[in-house]
Amino acid sequence: MSDAWNAFIQRCESCTQCPLHENRTKVVIYRGAIEAPLMIIGEGPGREEDLQGTPFVGRSGKLLDTALAGLGIPASLFHIANIVKCRPPNNRKPTHAEALACRPLLQQQFRFVKPKIILLMGSAAYQFFTGDTNG
C-alpha cells in the first residue's frame, strides 16, 4: 500500500466530523482492490460491518458476494465502500448532514479507486449521488 493510501486510512480512522464517530466500534472503509474498475457503494455500515471494520459482510454482503462470484467478478476488480464510514444507530439511513460530513473522504477514496463503473446499493446511496429524494 502506498503512503498516500495509508494516510487516507488514518484520516478516516481519526475522523470526528459528525456524531456517528461517537459510537463506532471500527471505521468501515473498504474491501476489495484499492484501485478497481467497479466501485460498489452502499449507504452505511451495519452491526457486523461495525464490528469487523469491513463493508458488506452481513447478510446483504453474502448475497452480494454470491452475485459477484456468479458473474465471475473477483475481488481484484471491485472496491466496496459506503456513503458514511461509521454505523448509524439502529442501522438507520445516514442523514443528509452525516453524508455531507463524509463526502470529502468518499471523494478522496474515488481518486484512489478510479472506477469506470459505479454501482449504488440502496436508496441512500442513490439519493446522495443523484440528489433525487424520491428514489
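As the structure is a prediction and not an experimental result, all values here were calculated from the model.

What is the right way to look at the sheet that holds strand β2 (residues 38-42) in this model?
Backbone hydrogen bonds are what pair the strands of a sheet, in a parallel or an antiparallel way. With mixed pairing, the four strands of this open sheet are ordered in space as β1-β3-β2-β4. The open sheet has two free edges, formed respectively by β1 (31-32) and β4 (117-120), since each of these has just one partner strand. Here four bridges tie β2 to β4, and the two strands are oriented parallel to one another. Of the residues in β4, the one forming a bridge with Met39 is Ile118.

Would you take a moment to explain the pairing of β2 for this structure?
Along any regular strand, the residues point their side chains to alternate faces of the sheet. Here β2 lies mainly inside the structure; five of its five residues are buried. On β2, burial covers both faces: Leu38, Ile40 and Gly42 on one face and Met39 and Ile41 on the other are all buried. The pairing of β2 with strand β3 (residues 78-82) spans five bridges and is classified as parallel. When the sheet's bridge partners are listed, Ile40 is paired in β3 with Ile80.

About the thresholds
- Residues numbered from 1 in each chain as written.
- Predicted model: local features only at pLDDT ≥ 70, side-chain atom pairs only at ≥ 80, totals over all residues.
- Heavy atoms only, no water.
- Pairing = 2+ DSSP bridges.
- Helix = DSSP H or I, 4+ residues; strand = E, 2+ residues; numbered from the N terminus.
- Buried < 20%, exposed > 50% of the residue type's maximum accessible area, 1.4 Å probe, protein only.

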